[in-house]
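So the chains spell out like this:
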Amino acid sequence: MSEFVQYLVNGLTIGAFLALIALGYSMIYGVVRLINFAHGDVFMIGAFAGFGTLTVLGSTGGMALPAVLAAVVVGALTTGLVGTGIARAAYVPLLSSPRLALLIAAIGVSLALEEGVKVLTDARFESYPHALDGGRILSGAVQVTWGQLVLVVLSVALMAALWLFVTRTVTGTAMRALAMDRDAARLQGIDVERLILATFFIGSLLAGAAGVMYGLYYVQISFGMGFLIGLRAFTAAVLGGIGNLPGTMAAGVCIGLVQSFSAGYVSSRWTDVVIFGLLIAVLALRPTGLFGERVVERA
Amino acid sequence: MTPLTPRDRGRRFRTLTAAGAGLLLVPLAAACGSGGSGGSGAIRIGVPAPLSGDSASAGQDILAAAKVAADEINKAGGVDGRKVQIVEADDQCSAQQGAQAAQKLLNSGVVAVAGGYCSGAAVPAIPIYGRRGVPFVMDASTNPSLTDGGKGKVFRTCGRDDNQGLVAAKFMTGPLGAKRIALLHDNTTYAKGLADAAANSARQAGGQVVYENALQPGQSDYGPVLTKIASTRPDVLYFTGYFAEAGLLMKQRRQLGLRFALMGGDATTDSTVLKTAGPAAGGYIATTAPLAKDLPAAAKFVSAYKAANNADPGPFSVYEYDAVKVVAKAIDDAGSTRGAAITEALHKIKDFPGITGPITFDAKGDRTDPLYITVQVQGGAFTAYKKLDESGATWVDAKTS
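Fair warning: this is a prediction, and the values are worked out from it, not measured in the lab.

Draft legend 1. Structural detail: the overall build of chain B. Helix and strand counts for chain B stand at 13 helices and 15 strands. The buried share among the 401 residues of chain B stands at 56%. Accessible area of chain B: about 15900 Å², with a carbon and sulfur share of 54%.

Draft legend 2. How the structure looks around the interface of chain B and chain A. Contacts between the two partners involve 36 residues from chain B, matched on the other side by 33 residues from chain A. Both faces considered, chain B and chain A share a buried interface measuring about 3000 Å² in area, 49% of it formed by carbon and sulfur atoms. Between chain B and chain A we count 1 salt bridge in total. For B:D61, the salt bridge identified is with A:R124, shortest N-O distance 3.8 Å. At the junction of chain B and chain A, the tally comes to 16 residue pairs in polar contact (both at pLDDT 80 or more). Residue assignment for the side of chain B that touches chain A shows that the elements contributing at least two residues are helix 2 (56-75), strand 7 (208-214), helix 8 (223-230), helix 9 (243-255) and helix 10 (271-277) of chain B. Counting residues per element, the side of chain B that touches chain A draws most heavily on helix 9 of chain B, which supplies 7 residues. Of the residues assigned to the side of chain B that touches chain A, the class counts are 10 nonpolar, 19 polar and 7 charged.

Draft legend 3. Fine view of the domain arrangement of chain B. Residues and elements named next belong to chain B. By domain assignment, chain B separates into domain 1 (43-159 + 296-359) and domain 2 (162-288 + 373-397). Taking only C-alpha atoms, the centre of domain 1 and the centre of domain 2 are 28 Å apart. Each partner contributes residues to the interface: domain 1 has 10 residues there, and domain 2 has 9 residues. Here domain 1 packs against domain 2, burying approximately 850 Å² in sum over the two surfaces, 57% of which is carbon and sulfur. Residue classes in the side of domain 1 that touches domain 2 are distributed as 5 nonpolar, 5 polar and no charged.

Draft legend 4. Focus on the pairing of strand 1 (residues 43-49) of chain B. Residue and element names in this part refer to chain B. Of all 7 residues that make up strand 1, 6 are buried, and the element is covered over most of its length. Inspection of the sheet shows strand 1 paired to strand 2 (residues 84-90) by 7 bridges, in the parallel sense. The partner of I43 across the bridge, within strand 2, is V84. Between the parallel elements strand 1 and strand 2, the chain passes through helix 2 in a crossover that is right-handed. Across 2 bridges, the pairing between strand 1 and strand 3 (residues 112-115) is parallel. Counted as the bridge partner of G46 is V113 from strand 3.

Draft legend 5. Focus on the environment of B:V318. Residue and element names in this part refer to chain B. Counting through the fold element by element, V318 comes out in helix 12 (residues 317-334). Along the sequence, V318 and A178 sit 140 residues apart, while their C-alpha atoms lie 32 Å from each other. Discounting chain neighbours no more than four positions away, the residues touching V318 are A292, L295, A298, F301, I355 and T356.

Draft legend 6. Expanded view of the pattern of salt bridges. Residue and element names in this part refer to chain B. Evaluated as defined, the whole model comprises 15 salt bridges over all chains. Taking the shortest distance from any N to any O, the salt bridge between K293 and D294 comes out at 3.9 Å. Using a relative accessible area of 54% as the deciding quantity, one classes K293 as exposed. Between K306 and D312 there is a salt bridge, with its nearest N and O atoms 3.3 Å apart. Salt bridges sharing common partners tie together D148, R156, R160, D162, K364 and D366.

So, how was this worked out
- Residues numbered from 1 in each chain as written.
- Chains lettered and ligands numbered in written order.
- Predicted model: local features only at pLDDT ≥ 70, side-chain atom pairs only at ≥ 80, totals over all residues.
- Heavy atoms only, no water.
- Helix = DSSP H or I, 4+ residues; strand = E, 2+ residues; numbered from the N terminus.
- Buried < 20%, exposed > 50% of the residue type's maximum accessible area, 1.4 Å probe, protein only.
- Areas by Shrake-Rupley, 256 points an atom, 1.4 Å probe, with all protein chains shown as cover.
- Contact = heavy atoms within 4.5 Å.
- Buried area = accessible area lost by both parts, 1.4 Å probe.
- Salt bridge = Lys/Arg side-chain N within 4 Å of Asp/Glu carboxyl O.
- Polar contact = N/O pair within 3.5 Å; in protein donor to acceptor, adjacent residues only side chain to side chain.
- Nonpolar A, V, L, I, M, F, W, Y, C, P; charged D, E, K, R; others polar.
- Domains from an automatic or database assignment.
- Pairing = 2+ DSSP bridges.
- Right-handed = clockwise from strand over helix to strand, strands pointing away.

So, in structure tokens, the structure goes:
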């Protein structure tokens, strides 16, 4: 039983990261109909930006919570700008081109970011300061650290903020309108290009925050870290019904749990087989994802 | 693009094939021209290593060490009055890239190869070098099958996994007093080979293997694996994978409050581990060939490496340095750059004074002296801990000699 609870706790923690990253895929797909394959690498850049911040703030051993929050903020803002820059340079010029051009551009951007960071960091692993290691909430048969709680709370707070933004603000409403029908939205006087850039800013911001949190939790970051986690987050976005934000959040947590349970009860080497097998099964039975679809198929 | 008619396609195919064949022939001809004995210009020695991908930092360390060795040889007048030139190729630690890297090195006219890191990349490369008769001296590929099937044209300056597995098993059942042993690898040729070797030796030494499975590298979250392992109540977990995962395992073991001892193989003795694991690394034990700083003979190399690269040498740098040196010595002895002559000369080398100890190869191409010791993390650094004495039965302090 205690094993089960431990897997549950671990799974929820991973799920919180995955959901944050998956939201970016979902939002960007919603407004641009683009699977932004560079999103995982934006996440990686966020991790490095946070690492830089903590290094500048002077990091040995235990860091105070303000420093951690500063790193999250700097990491998120950096990736927000990087994401917007990518969209401006690589995607917006291709908006009226065939979808395939956008897709190839996204893969190109992904490789460019990854290789760029590889050159800049000499392909080395970097280690975050051990800021969230101290202290446990539970230390019996089931172990829960304060660090895990901080990360889950931060993730939930960011998701709640996003939800409020999308449902309660004019920009958020405009984004939803754009997701429904780009041309009709344009006719209503919405500046489509600016709104697309805003979507990239917010989606990348969340990925960057997740990147810093990942660094704080796992401590070890490298240029290649975005690929696998990006692919899993993308799976979560598809499972949740891509474009559907609450569905994406729920599916992100689900994937985290699947990852944790399959590694625990089957074997870690089967995890990817289970996750991506699940993806194929769900797509075969419900092509719109587990949680229905909100994105209308456009002619 | 306009659609192609079948005839167009045929024509295009022929043109492409002809162009491709031409492109292939040019370097081939160049390679044949410079590969014979008595050529002039630099003697080219190939260094395949993972220069990109997850193991890139280890690969860069290896390449840097090869360059230090080549510099030294050239400053001392070269080999037979000719300079030595290092030709690098990226094998990305994968079988497919390993084969391509081998082909690339042969195409650029190398007379011998000194390098490699992942056994998985060496497996397909060995027959490619073998067909051309070019000797391959490996510096870090430790899988037993490599020299077992190498037909005497493959050598290594590093040890073998079965040898390391034996030392690990003896240490766990001996000084560590472990009865229940868990083994974790990462499904790479190297890690699985070492885990298998350790399992066999552990059973023979009277231990019980309670868990043997793999983790998925790059996943970062090994909490579930560790929880699963803890449920088998082991006394010790021996992890045979690479350093990126080892640091995370230490940290997460502590996070989960697990009590069993954690040991690792030689691919975990990287300083990244200490930074990642932080205080959780204290007391961690690894089996490894001696590191550069534990080898008095390597002091000069370490300072030359630091001067050239502004960093400490990696765990396999000393073996790469010796690999390049021993290849140069063999070319010098052979008085020829023909592959067969160099291979013969390598087999004849006896007690070559390498910085990792005297180098003599057996008929398979393995070193005759056992290499492995244990190191322990003390005060935030890997420190030589215990080693087997010459009888192979008694553990002695590794620092004293």
